[in-house]
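Structural characterization, general
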Amino acid sequence: MAHTKSAIKRLRTSKQANLRNRMRLSELKTLEKKLRAAVDAKDAAVAAKLGKTYCSRIDKAAKVGTVHANRAANKKSQVDKLLNSLAN
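Residues numbered from 1 in each chain as written. Predicted model: local features only at pLDDT ≥ 70, side-chain atom pairs only at ≥ 80, totals over all residues. Heavy atoms only, no water.

Right, let's get into the overall build of the protein. Each helix and strand in the protein was counted, giving three helices and zero strands. Sequence-ordered secondary structure for the protein, helices as α and strands as β, is α-α-α. Here the C-alpha coordinates of the protein stretch approximately 60 × 20 × 15 Å along the principal axes. Within the span of the protein, comprising 88 residues, buried residues form 23% of the whole. Long-range pairs, those at least 24 residues apart, make up 59% of the contacts in the protein with a sequence separation of at least 6. Computed over 22 positive and 6 negative side-chain charges, the separation of the two mean positions in the protein equals 13 Å. (Helix = DSSP H or I, 4+ residues; strand = E, 2+ residues; numbered from the N terminus. Buried < 20%, exposed > 50% of the residue type's maximum accessible area, 1.4 Å probe, protein only. Contact = heavy atoms within 4.5 Å. Lys, Arg positive; Asp, Glu negative; His and termini not counted. Charge placed at Lys NZ, Arg CZ, Asp CG, Glu CD.)

Shown next as structure tokens:
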């Protein structure tokens with residue numbers, strides 16, 4: 001257990017950051033599942049909308065450090081491939 005004032009505050013803030021990060025990651029996973037389901041159902045309009053939302057959210061997560069920038073780029077590339085496969 002932390003003893004100093006600064007260590008106690010650091011513990012508190014890291015718990016809050018952990019909750020925010022888990023929330024963002026959970027949202028990303030949910031969006032990805034919905035996107036893949038829309039692609040499987042061949043619903044181009046919904047898939048395009050979800051793809052745009054997913055890319056925006058993953059960029060924001062990378063910007064604040066929840067997700068590594070390279071992982072965000074890889075995921076966006078996967079989404080683009082999925083959407084392009086739907087167009088063919």
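Under the counting rule described, the total for this entry stands at four salt bridges. Of the charged contacts in the structure, one is a salt bridge between R57 and E27, with a shortest N-O distance of 2.3 Å. With R57 in helix α2 (residues 44-64) and E27 in helix α1 (residues 5-40), this residue pair connects regions lying 30 residues apart in the sequence. Classification of E27 by relative accessible area gives partly exposed; the value is 33%. Where K76 meets D59, a salt bridge forms, and the shortest distance between an N and an O atom there is 3.1 Å. Of this pair, K76 sits in helix α3 (residues 69-87) while D59 sits in helix α2, and the two are 17 residues apart along the sequence. Assessed through its relative accessible area of 26%, K76 is described here as partly exposed. Look at D59 and you get partly exposed, because its relative accessible area is 36%. (Salt bridge = Lys/Arg side-chain N within 4 Å of Asp/Glu carboxyl O.)

In this section: α1. In a regular helix each residue adds 1.5 Å, so 36 residues correspond to 52 Å; α1 covers 53 Å between its end C-alpha atoms and thus fits that length. Those residues of α1 not exposed but buried are L28, L31, E32, L35, A38 and V39. Immediately downstream of α1, the backbone of K42 shows phi near 60°, a positive value. (Expected span 1.5 Å × (residues − 1).)

Treat this as a map of the structure, not an account of what it does.
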